[in-house]
Structure formats: C-alpha cells, structure tokens
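Listed below are the residues making up each chain.
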Amino acid sequence: MTSIDVVNLTKEYGQTRAVDGLTFSVLPGRVTGFLGPNGAGKSTTMRLVLGLDRPTSGTATVGGRSYASLDEPLRTVGALLDPGAALGARTARDHLRVLAAAGRLPTSRVDEVLEQTGIASVARRRISTFSLGMRQRLGIAAALLGDPAVLMLDEPSNGLDPEGIIWIRELMREFADDGRAVLVSSHLMSETAAVADHLVVLGKGRLLADTGIQDFLDEWTTPRVRLRTTEGERLRGVLVREGYQPVQADDGRWTVENARVEEIGPIAAREGIPILELAGEGASLEAAYLALTSGEAEFTTTTSPLSQEV
Ligand SMILES: Nc1ncnc2c1ncn2[C@@H]1O[C@H](COP(=O)(O)OP(=O)(O)OP(=O)(O)O)[C@@H](O)[C@H]1O
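Residues numbered from 1 in each chain as written. Predicted model: local features only at pLDDT ≥ 70, side-chain atom pairs only at ≥ 80, totals over all residues.

By the naming in an unreviewed UniProt entry, the protein is ATP-binding cassette domain-containing protein, taken from Streptomyces albipurpureus. For the protein, the Sequence similarities (unreviewed entry) comment in UniProt is given as "Belongs to the ABC transporter superfamily." (UniProt positions renumbered as here; feature names shortened; annotations may be inferred.)

So, in structure tokens, the structure goes:
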C-alpha cells in the first residue's frame, strides 16, 4: 500500500511562492481530487512529487521515498502531467516502447496499454497527427505502463470527449477500488465530485481543505427545504416560533433555509398542516468550492467585460 506524502513543502520561483508550507497525504484506496484556481500550485506540487523540480524546503515522497530514489519508479507512480511532452515525430507505439525500455518494463505492456486506452488502432501513426484527446489518451497510456501503485493525473479530462471523460473516471475508480492511490487535479468541483472520495483544495500555494466530500459539504453548505402547503400562513407562524425563517416565492412555494426535511416534516405533521410537496435541496458543491476559494485566485476578473465595452 503506497501513499504520497507531502510534508511542509515549499517551492519558490524568484518572488513567487508557488507552494507554501503544504502538508497532506494521498492515501491508497481512494481517489483524491486536487482542486484550486489557476496558479494555486497543483502542477508544481505534482512536479515536486515526481522530482522534476527541487523543493525550496520540505519533502514530497512516494511510499516514504523520494521519487529519485525509487527502485522501480514506473511501477510505483504513473503520471500524466503534460500531454504535449511526447515527441511528435515518433509513432505512439514507438514512444511507449522507448518509455518501457527506459523503465525496464516488458514490451508486452505497450500493446496492453494501447488497448486499455483505446488508441491501439492509431498506434502506428505519428503523434504529431494526434488530436488533443488522442494525445491525452497516449499520456494516460504512458502513465499506466508500469501498472503503478499510485496514479497522478493533472487535468486528465482536458480534450477528452464525454465518452472519454466517463472512461477516465471509471479507470480512476477501478484503481482506487483496487487499493491504489489516485491524485487527480482539476479546476472544476463538479467534475471532481463525480469521481473523488476525498478533496485537497489549494489557494495561492496553501492548503485550504483536506477533507472527505461529505464533510466538505457539511462544513461549507447550508441545507434548505422547499415545500408547498394549503395552509402557508399557519405553517409560517409555527416555523417562525421554532426559529426558522420561511420565505414564500411568487409561485406559492415556501423555502426554509438552514433546515432539513427531517426537521420540517414532523413539525407540520404534529400541527396537522397538510403538506403537498416537501423536498430537501442538495447543497451545491460548486457554490461551496467558490466560497472556499474566493479571494484565493491568482488571476481574477475585477471588471466585467460588458462594462468595459460600454
Ligand atoms: N517554472 C516556473 N517558473 C516560475 N514560476 C512558476 C513556474 N512554475 C509555476 N510557476 C508559478 O507558480 C504558481 C503556481 O503554478 P502552478 O502551475 O503550480 O498552478 P496550478 O494550480 O497548477 O494552476 P493551473 O490550474 O493554472 O494549472 C503560479 O504563480 C505560476 O506562475
């Protein structure tokens, strides 16, 4: 069981502190979503884990060892960082063969990962002719070559079509269910929530959250109930006495903030008030994420493009 452990990690580029005293672990058996606005430090952290950059201070290890000291790096960590990195003049198959040879992996793995990523039919084409989605699949094929214990993917759904996005989600799920550790970065909470069990959120290089999805929802969102009744005013009076603040919309429906159906339903039943509809609203993960990261984006729009045109 291999994990990624980041401890007090800091990386400075000149005046820019890209990663700032970061500590978190990516544990086996779950998909950890790595979130944060542009420039939050996600890619830098991944590069430090892979030993592609030296930390200013702190450590990033895989299975307790630095990447450079791993005996079999490709069998330990599979990573997708920059799909543009593959050499365009080579065929996809040759590209993977070179990687397999360098990693002392059997050539048979090349055909296996070409099949697994759905690019076997274009394996003999030059990479320069590949679409972004095909390059992305090739990058994922390279990550899978060593059948690694840890998978680290930077924005894997970039350029993938909807079928490809579902495929990559299922792949990550299978890896985690198989007891492996998966770290996947994204800007989008909705995309991450569809696959991740756990979240690590960065803002300006610092850790903003390291939490399970459900705990994140509980902490950052407030539940709300929508209902319809034949006795709105009576229900309103009862709920106000109970400390709620029901508000009626134009269509006659009521909204009760900070309330759950398990609380409101029994109150109405106790008072004998007929309820025609009662629904708890799913808290919006996206709204919670924006609330957490607001003010943490390195690049934000201060003026709306529309107002500039006027
Ligand atoms: N090689 C480098 N030289 C100088 N500054 C860098 C370098 N790499 C990253 N940075 C800076 O470090 C900060 C973090 O960048 P990083 O790419 O890690 O963020 P990110 O969260 O991956 O962003 P994105 O979602 O846009 O990819 C940014 O301010 C970036 O400009």
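Novice: Can you tell me about the overall build of the protein, naming the residues and giving the values?
Specialist: Broken down by element type, the protein carries 12 helices and 13 strands. Taking 2.2 N^0.38 as the reference for a compact globule, 310 residues should give roughly 19 Å; the C-alpha atoms of the protein span a radius of gyration of 24 Å, well beyond that estimate. Across its three principal directions, the C-alpha atoms of the protein cover 75 × 55 × 45 Å. When each of the 310 residues of the protein is scored for burial, the buried share is 36%. Here the analysis covers contacts within the protein between residues at least 6 apart in sequence; of these, 71% occur between residues at least 24 apart. (Helix = DSSP H or I, 4+ residues; strand = E, 2+ residues; numbered from the N terminus. Rg over C-alpha atoms; globule rule 2.2 N^0.38 Å. Buried ≥ 20, exposed ≤ 12 C-beta atoms within 10 Å, placed from the backbone. Contact = placed C-beta atoms within 7 Å.)

Novice: So what's going on with the pairing of strand E8 (residues 198-203)? Residues and values would help.
Specialist: Across the six residues that make up E8, a large majority, six, are buried. Residues His198, Val200 and Leu202 of E8 are buried on one face, and the alternating residues Leu199, Val201 and Gly203, pointing to the opposite face, are buried as well. In this sheet, E8 lies alongside strand E3 (residues 30-35) in parallel orientation, the contact comprising four bridges. Each residue of the ladder has a partner; that of Leu35, found in E8, is Val201. (Pairing = 2+ DSSP bridges.)

Novice: Let's hear about the site of the ligand: which residues, and what values?
Specialist: Around the ligand, the surrounding shell holds 13 residues, and the nearest of these are Tyr13, Ala18, Asn38, Ser43 and Thr44. For the shell around the ligand, the elements supplying multiple residues, two or more each, are strand E2 (16-26) and helix H1 (42-49). The element that contributes the greatest number of residues to the shell around the ligand is H1, accounting for three residues. Partitioned by chemical class, the residues of the shell around the ligand number three nonpolar, eight polar and two charged. (Near = placed C-beta within 6 Å. Nonpolar A, V, L, I, M, F, W, Y, C, P; charged D, E, K, R; others polar.)

Novice: If you had to explain the confidence of the model for the protein to someone new, which residues and values would you point to?
Specialist: Caution is warranted with low-pLDDT regions, since their predicted coordinates should not be read in detail. Here the protein shows a mean pLDDT of 90. Residues at 70 or above account for 93%. The complex prediction reports pTM at 0.82, with the ipTM value standing at 0.96. (pLDDT = per-residue confidence, 0-100.)

Novice: Could you give an account of the sheet that holds strand E10 (residues 224-229), naming the residues involved and the relevant values?
Specialist: With antiparallel pairing, four strands are arranged side by side in an open sheet as E11-E12-E10-E13. Because the sheet does not close on itself, it has two edges, and the strands there are strand E11 (246-248) and strand E13 (275-281). Looking at each pair of strands side by side, their axes are set apart by 20° on average, direction ignored. Two strands pair when backbone bridges link them, and E10 and strand E12 (residues 254-257) are joined in this way by four bridges, in the antiparallel orientation. Bridge pairing in E12 places Val225 opposite Val256. (Axes fitted to C-alpha atoms, helices over the stretch in contact; angles between N-to-C directions.)

Novice: Help me get a handle on the environment of Thr129, residues and values and all.
Specialist: Tracing the sequence through the fold places Thr129 in the loop between helix H4 (108-116) and helix H5 (132-144). C-alpha separation for the pair Thr129 and Thr91, spaced 38 residues apart in sequence, amounts to 9.4 Å.

Novice: Requested: an account of the nonpolar core, with residues and values cited.
Specialist: In this structure, Leu96, Ala141, Leu145, Met152, Met172, Val182 and Val184 are the most contacted members of the largest nonpolar core, which totals 65 residues. Per element, the largest residue contribution to this core is seven residues, and it comes from H5. Apart from residues no more than four positions distant in its own chain, Ala141 is found in contact with Leu96, Val113, Leu114, Thr117 and Ile119. Ranked by size, the runner-up nonpolar core spans nine residues in total, among them Val225, Leu235, Trp254 and Ile264. (Core = buried A, V, L, I, M, F, W, Y, C linked by C-beta atoms within 7 Å.)

Novice: Break down the environment of Ile213 for me, with residues and values.
Specialist: Here Ile213 is to be found in helix H8 (residues 213-220). With 16 C-beta atoms counted inside 10 Å, the residue Ile213 sits in the partly exposed group. C-alpha of Ile213 to C-alpha of Arg47: the two residues are 166 residues apart in sequence and 25 Å apart in space. Residues in contact with Ile213, not counting those within four places in the same chain, are Ala193, Ala196, Asp197 and Leu199.

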